[in-house]
Amino acid sequence: MTARPPTGAVIVTGSGSGVGASTAVALAGRGYRVVASVHSLDRVAGLGELLSRTGAEVEVAELDVTDEESIPGFVAGVASRYGGLHAIVSSAGVTGVDTFEREDLASYRRTFDVNVFGPVALLKAALPHLRAGGGRFVAVGSVAGVLGLPFQESYCGSKFALEGILEGFAPVARRVGVAVSIVEPGPISTDAVRGTDWARLFGEAGPYEKVLRRYFDNAAAQGGTLPGLPATQTADEVAAAIVDVLASDDPPPRVQTAADTRALVARKLADTGGAAVAELIGGWLDPLPPEAVE
């Protein structure tokens with residue numbers, strides 16, 4: 001990895017907290033001129049704490065990534081103020097836990113609006129500016145964009161969709177001077193799923209309650225994760241991987257943020273019939289063997 005002098009700005013969406021906030025601050029520390037976009041200026045506590053602690057300087061701006069009409073103007077305004085656009089880091093996202101039968105289509109549409117159509121709209125608006133300077137687009141994906149997780153079907157579906165779109169477009173973008181990459185973390189310590197109201201979910205799970213409770217209990221027995229899933233990472237660790245992608249002279253189309261995440265992705269991609277992955281996931285829904293419980 002070699003750092004390249006940043007020209008123009010880097011827009012980091014979803015910067016109010018978590019990976020977005022950590023990435024915005026890390027990039028500013030490396031000399032990039034950062035516009036940290038947030039859904040609401042009232043929800044920037046995580047970013048504010050990091051800026052106060054590190055002394056990093058970023059421009060904080062409000063952007064709703066589901067507001068399609070506002071995105072081209074926002075991107076053009078940033079490019080105008082900073083003399084160009086070096087990169088977009090698309091980190092804004094939503095997640096959640098529910099049973100397949102209970103979660104309504106409105107929830108699916110909301111998830112896809114934020115996790116798929118938001119990044120696509122940003123990339124479309126940014127492409128003329130990125131082409132002008134050989135820029136980069138980095139989307140924060142997930143191991144859940146490669147491996148389906150129970151009770152997170154809408155989230156996984158959105159991440160799978162983003163993977164497919166960017167995998168298809170990345171070679172085309174490369175030939176017009178733009179590097180498109182998707183970064184795949186495993187579980188992150190700031191995941192919104194950790195704030196799930198499990199009591200409510202159990203109470204509304206109906207015929208799926210027993211399976212859902214087993215899933216929850218198995219994760220709890222493993223300290224919050226599940227056998228075969230990568231270890232939990234911090235937002236700062238994921239941000240460091242994103243910074244490395246932007247600093248690379250030749251960013252790869254797909255990057256896993258840890259060795260165990262790479263191993264799981266490799267296992268999934270090699271499982272052409274799906275039996276090995278079905279067995280892995282099925283194991284999370286059944287009683288764990290005694291040796292698996294710490």
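Residues numbered from 1 in each chain as written. Predicted model: local features only at pLDDT ≥ 70, side-chain atom pairs only at ≥ 80, totals over all residues. Heavy atoms only, no water.

Some words on the nonpolar core
- Within the largest apolar cluster, 32 residues are counted, with the highest numbers of intra-cluster contacts made by Leu 85 and Phe 137.
- When residues of this core are assigned to their parent elements, the largest contribution, eight residues, is made by helix α4 (residues 105-133).
- Ranked by size, the runner-up nonpolar core spans 30 residues in total, among them Val 25, Leu 27, Tyr 32 and Ala 36. (Core = buried A, V, L, I, M, F, W, Y, C linked by side-chain atoms within 4.5 Å. Buried < 20%, exposed > 50% of the residue type's maximum accessible area, 1.4 Å probe, protein only. Helix = DSSP H or I, 4+ residues; strand = E, 2+ residues; numbered from the N terminus.)

Details of unusual backbone geometry
- Positive phi, close to 65°, is recorded for Phe 151, a residue that is not glycine.
- Within the secondary structure, Phe 151 is located in the loop between β5 (136-140) and α5 (153-174).
- Using a relative accessible area of 7% as the deciding quantity, one classes Phe 151 as buried.

Brief notes about the environment of Val 89
- The residue Val 89 is located in strand β4 (residues 85-90) in this model.
- The class for Val 89 is buried, based on a relative accessible area of 0%.
- The sequence separation of Val 89 and Val 116 amounts to 27 residues, and the corresponding C-alpha distance is 14 Å.
- For Val 89, the residues in contact, after removing those within four places along its chain, are Val 10, Ile 11, Val 12, Thr 13, Thr 23, Leu 27, Val 138, Val 140, Ile 242 and Leu 246. (Contact = heavy atoms within 4.5 Å.)

Comments concerning the pairing of strand β1 (residues 9-12)
- Where burial is concerned, the two faces of β1 agree: the one with Ala 9 and Ile 11 and the one with Val 10 and Val 12 are both buried.
- Here β1 pairs with strand β2 (residues 33-38) via four bridges, running parallel. Bridge pairing in β2 places Val 12 opposite Ala 36.
- For the handedness criterion, the β-α-β arrangement of β1, helix α1 (residues 18-29) and β2 is classed as right-handed.
- In the sheet, β1 pairs with β4 via four bridges, with the strands oriented parallel. Bridge pairing in β4 places Ala 9 opposite Leu 85. (Pairing = 2+ DSSP bridges. Right-handed = clockwise from strand over helix to strand, strands pointing away.)

Regarding the pattern of salt bridges
- Taken as a whole and assessed by the stated rule, the structure comprises ten salt bridges.
- Residue Asp 98 is joined to Arg 102 by a salt bridge in which the shortest nitrogen-to-oxygen separation is 2.7 Å.
- We classify Arg 102 as partly exposed; its relative accessible area is 36%.
- One salt bridge connects Arg 254 with Glu 167, and the closest N-O pair in it is separated by 2.9 Å. Linking Arg 254 in strand β7 (residues 254-256) with Glu 167 in helix α5, this pair joins segments that are 87 residues apart in sequence.
- Under the relative-accessibility criterion, Glu 167 is labelled exposed at 52%.
- Overlapping salt bridges, with partners in common, bring together Asp 98, Arg 102, Arg 200 and Glu 204 in one network. (Salt bridge = Lys/Arg side-chain N within 4 Å of Asp/Glu carboxyl O.)

Describing the sheet that holds β7
- The strand order β3-β2-β1-β4-β5-β6-β7 describes an open sheet built from seven strands, whose pairing is parallel. Looking at strand neighbours, the two that pair on one side only are β3 (59-62) and β7, the edges of this open sheet. Sheet twist, expressed as the mean angle between neighbouring strand axes with direction ignored, is 20°.
- Here strand β6 (residues 179-184) runs beside β7; their pairing, made up of three bridges, is parallel. (Axes fitted to C-alpha atoms, helices over the stretch in contact; angles between N-to-C directions.)

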